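What follows is the residue order along each chain.
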Amino acid sequence: QADIPASAHWEKPQGKNPPLVMQKHFEVVGRGIGLVLGCATFPTWNTYPGLFASLATGNPVIVKPHPNAVLPMAITIAILRDVLREQGIDPNVVQLGLCPRNEDTQALATNPSVALIDFTGSTAFGNWLQSNAKQAHLYAEMSGVNTVILESASDYTATMKNLAFTLALYSGQMCTTTQNI
């Protein structure tokens, strides 16, 4: 954030007329607390983008990992807090929020101080967030159904190898795995 210029001078020539001149001023202004709700299958992969996007844009963050994936996020948050402290930044801009009960997560997500929510997980809870966490801007990746329609192929063997790869990748756990053929 310190690398963002505080101001910029801009001029656009207007031919015969005097140039259009602007003096722009910039200030990092966070939206509020970011809440990152992690998932069980890929706790770091799905948490890091929301976590670092909030920090880079001036927002403190609460990371609420899935109850089955607390350790990787606890390690991440501990290291991140150490790095912030070493840089002279208040480490409390990043916190780990443990909510073992769904009701606790819902209360956190609907807290008026939470302005951003980054969520990866089930469609049911994503829909609940859309309906109930109205105070926050929601970024959600919910489960989907990915379909392959195979009508023809010029190289059938290569097509089948690629399809087998997509089905086997991460044991079929990734949200991008083909579910219907």
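In case you missed it, the structure is sitting above this.
Moving on, we get to the packing of helix α1 (residues 48–56) against helix α2 (residues 70–86). Where α1 contacts α2, the two axes come as close as 13 Å, and the packing angle between them is 25°. Here α1 lies roughly parallel to α2, going by the angle between them. Between α1 and α2 lies a crossing of right-handed hand. Contact with α1, carried on its side by Tyr 48, Leu 51, Phe 52 and Leu 55, involves Met 73, Thr 76, Ile 77 and Leu 80 of α2 and no other residues of that element.

One full turn of an α-helix is made of 3.6 residues, so residues set three or four places apart face in the same direction. Of the positions making up helix α3 (residues 102–109), those classed as buried are Thr 105, Gln 106, Leu 108 and Ala 109. An end-on view of α3 places all buried positions within 160° of arc, on one side of the element. Elements in contact with the buried residues of α3: β3 (33–37), β4 (61–64), β6 (114–121) and α4 (123–132).

The biggest cluster of nonpolar side chains holds 12 residues, and these are Leu 35, Leu 37, Cys 99, Leu 108, Ala 109, Val 114, Ile 117, Phe 119, Phe 125, Leu 129, Ala 133 and Ala 136. Looking at this core, the elements that each hand over two or more residues are β3, α3, β6 and α4. In terms of residue count, β6 provides more of this core than any other element does, three residues in total. Excluding anything up to four places from it in sequence, Val 114 contacts Ile 33, Leu 35, Leu 108, Ala 109, Gln 135 and Ala 136. Grouped together as the second largest cluster of nonpolar side chains are 10 residues, Met 73, Leu 80, Leu 84 and Val 94 included.

What counts as what
Positions within a chain are numbered from 1, following the residues in the order the chain's sequence is written. Where totals are concerned, whole chains, interfaces and linings use all residues; where local detail is concerned, this predicted model gives features only for residues with pLDDT of at least 70, and gives and counts side-chain atom pairs only at 80 or more. Just so you know, side-chain values use all the structure's heavy atoms and leave hydrogens and water out. Geometry is summarised by axes, namely lines fitted to C-alpha atoms with helices restricted to the contacting stretch, and by angles between N-to-C directions that run from 0 to 180 degrees. Here a helix means four or more residues in a row that DSSP labels H or I, a strand means two or more in a row labelled E, and each is numbered from the N terminus. Small angles under 35 degrees read as roughly parallel and large ones over 145 as roughly antiparallel, with 65 to 115 read as roughly perpendicular and the rest as oblique. Note: crossing handedness is left-handed where the near helix turns anticlockwise from the far helix by less than a right angle, and right-handed where it turns clockwise. Residue contacts follow a heavy-atom distance rule, with two residues in contact if any of their heavy atoms lie within 4.5 Å. Working definition: with a 1.4 Å probe on protein chains only, accessible area under 20% of the residue-type maximum means buried, over 50% means exposed, and in between means partly exposed. Note that the arc is defined by the directions from the helix axis to the C-beta atoms. Each nonpolar core is a collection of buried residues, namely Ala, Val, Leu, Ile, Met, Phe, Trp, Tyr and Cys, held together in the definition by side-chain atoms within 4.5 Å.

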